[in-house]
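Survey of secondary and tertiary structure
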Amino acid sequence: MQSKTSCFNLTLLRKNVIRFSPLWIVYSAAWFVAMPLLLGMQLSSDWPPELNDVIQILGAFMTSAGPVVACLYGVAVAMAVFSYLYSARSVSLMHSLPIRRSGLFLTNYISGLLFFVVPNLILCGITACVTLVGHVFCPGMLLAWLLGLTAMELFFYSFAVFCAMFTGNLLALPVFYGVLNVLAFVLWWSISMFLEPFLYGFSMTDRAAVVEWLTPLARLYDSVSVVWNYNAADYSFSTASLHGIPVLVIYAAAGIVFAVLAYAAYRRRRSESAGDIVSVRWAKVLFRYGVALTAALTIGQGLYGLVFMNSRLSGVPVRLVCMIVVGAVGFLVAQMLLQKSFRVVKKSLRGSVVCAAVILLVALG
């Protein structure tokens with residue numbers, strides 16, 4: 001029999017769908033209870049909601065619950081379909097199969113897509129039937145819910161897959177994913193607090209646009225909303241429109257970009273990195289110094305604010321000492337995580353000195 005190397009495996013797709021069925025079943029059940037079931041019960045009551053009420057309910061589900069659900073469900077799906085990467089035995093087995101790495105990535109990535117695209121389509125159809133029976137059919141808002149929620153889930157899921165390619169530890173994936181989702185805001189706040197003692201009259205102002213774009217949850221909640229058009233003739237709300245469609249399109253496009261980058265990283269990923277906190281060599285350097293400097297800016301300044309700010313020892317020198325000490329501890333902890341050993345004090349001295357020098361140079365500058 002002639003052997004072939006497959007670029008897509010339908011058997012693996014079916015196995016993923018069956019193996020991780022509790023994930024998409026719980027997701028589908030939660031949305032089913034929240035939308036068609038509750039809407040059906042309200043429409044069958046003595047005081048059924050009107051069309052505007054149903055539009056408001058659907059819009060609220062998409063704009064209020066949608067971003068959080070997409071953020072949490074995206075990382076859960078990524079952890080499930082790429083869970084084999086975090087065990088040496090399972091990754092060796094998967095990479096020994098007659099499937100190209102492109103086929104493995106494509107099959108698993110599409111499996112994750114199906115976990116939210118298919119339930120969303122089915123739930124949208126069921127809700128449409130319920131609203132048709134209740135004479136409150138609103139195709140525009142149903143389509144907005146479907147496309148808006150799917151766009152958000154596409155971004156968060158692809159970003160979680162991208163994060164999954166840079167770690168070999170399953171528990172580290174949600175940590176990296178959560179930190180990177182809020183890192184821009186945390187750094188903006190920390191740097192603003194760091195600059196206040198040095199720049200006379202400087203104070204924290206509104207977030208820059210780039211900070212908002214790099215904090216997806218904040219950007220989605222600020223930009224995506226359902227706006228009612230007010231009819232001044234009879235003092236009523238006439239129609240509703242979804243604001244923030246360009247933001248959803250941009251994040252969906254960013255999700256596609258993250259998927260392509262994740263594929264490129266997966267092709268170069270070493271199977272031996274299973275179990276490592278960081279699976280890419282160049283990212284280990286970034287991890288060490290990133291953890292150290294971020295800890296210095298956040299925990300170091302927080303320690304100064306809690307202990308020394310209102311005491312006689314308050315001042316810029318003490319703030320810098322707190323940051324340098326916490327930065328050194330952060331570098332030591334990062335080195336321990338990477339080396340999986342507590343005997344890393346000597347190896348961490350050089351990195352701690354470099355972090356202290358960076359903090360001092362920035363302060364002097």
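Refer to the structure printed above.
The structure contained in this document is the topic of the report that follows. Keep in mind it's a predicted model, so treat the numbers as computed, not measured. (Residues numbered from 1 in each chain as written. Predicted model: local features only at pLDDT ≥ 70, side-chain atom pairs only at ≥ 80, totals over all residues. Heavy atoms only, no water.)

Here we take up a nonpolar patch on the surface. The grouping of Phe32, Val33, Leu37, Leu38, Met41, Leu114, Val118, Ile122 and Ile126 at the surface amounts to a nonpolar patch, some 700 Å² of accessible area in total. At five residues, the largest contribution of residues to the nonpolar patch is made by helix H2 (residues 21-43). Residue class for valine 33 comes out partly exposed when judged on its relative accessible area of 41%. (Patch = residues over 30% accessible without salt bridge, like charges linked within 9 Å, V, L, I, M, F, W, Y side chains within 5 Å. Areas by Shrake-Rupley, 256 points an atom, 1.4 Å probe, with all protein chains shown as cover. Salt bridge = Lys/Arg side-chain N within 4 Å of Asp/Glu carboxyl O. Helix = DSSP H or I, 4+ residues; strand = E, 2+ residues; numbered from the N terminus. Buried < 20%, exposed > 50% of the residue type's maximum accessible area, 1.4 Å probe, protein only.)

As for its placement among the helices and strands, serine 223 is situated in helix H9 (residues 216-223). Taking C-alpha positions, serine 223 is 42 Å from methionine 94, a pair spaced 129 residues apart along the chain.

Moving on, we get to unusual backbone geometry. The phi dihedral of histidine 135 falls on the positive side, at around 60 degrees, and the residue is not glycine. Here histidine 135 shows up in the loop between helix H5 (101-133) and helix H6 (139-164). Look at lysine 340: it is not a glycine, yet its phi comes out positive at around 55 degrees. Along the chain, the position of lysine 340 falls in the loop between helix H12 (316-339) and helix H13 (345-364). Residue classification places lysine 340 among the exposed positions, given a relative accessible area of 53%.

Here the focus is the packing of helix H3 (residues 51-81) against helix H7 (residues 172-195). Remark: H3 packs on H7, axes separated minimally by 10 Å, with the N-to-C direction vectors making an angle of 145 degrees. In this structure, H3 meets H7 at a crossing whose hand is right-handed. Counted together, Cys71, Val75 and Met79 of H3 and Leu173, Pro174 and Tyr177 of H7 form the full contact between these two elements. (Axes fitted to C-alpha atoms, helices over the stretch in contact; angles between N-to-C directions. Left-handed = near helix turned anticlockwise from the far one by under 90°. Contact = heavy atoms within 4.5 Å.)

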